[in-house]
Amino acid sequence: MIEVGNIVTLENNQEYLILEELTDNEHKYVYSVRVLEDETPTDEYLIFESIIRDDDEFLKPVNDKELYDNLIEEFKDIVADKLVNGDYENDIEDIEEAA
């Protein structure tokens, strides 16, 4: 399942950690970072469109520059709002309690 906090493996065997998601014009997009085999994040960030086909969910990289630029601004707003509201602090506490 593709949701925030999950690591997904693409067909090329690269793994991405889903950092944030948003829905825009009935399309679901996810902001992600590529991770190494030991789940260490890299400096490679991508935005994918989530596509549902035959009850399976797939990720397609967003290649349209204008769309990508608009989405990155929306993701920045989501992160800023969560920082202001303290939502990330709650997420970190939940992760630490689970460990």
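Parameters and conventions
Residues numbered from 1 in each chain as written. Predicted model: local features only at pLDDT ≥ 70, side-chain atom pairs only at ≥ 80, totals over all residues. Heavy atoms only, no water. pLDDT = per-residue confidence, 0-100. Helix = DSSP H or I, 4+ residues; strand = E, 2+ residues; numbered from the N terminus. Polar contact = N/O pair within 3.5 Å; in protein donor to acceptor, adjacent residues only side chain to side chain. Contact = heavy atoms within 4.5 Å.

A.B. asks: Tell me about the confidence of the model for the chain, residues and numbers included.
C.D. replies: Put simply, the chain has an average pLDDT of 85, and 86% of its residues get 70 or more. Strand β3 (residues 27–35) holds the highest mean pLDDT among the elements of the chain, 94, whereas helix α2 (residues 87–98) holds the lowest, 53.

A.B. asks: A description of the side chain of S50 should follow, citing residues and the corresponding values.
C.D. replies: On the secondary structure map, S50 appears in strand β4 (residues 41–53). Of note is the side chain of S50, whose polar atom sits 2.4 Å from the side chain of E57. Leave out the neighbours within four places in its chain, and S50 touches K28, E57, F58 and L59.

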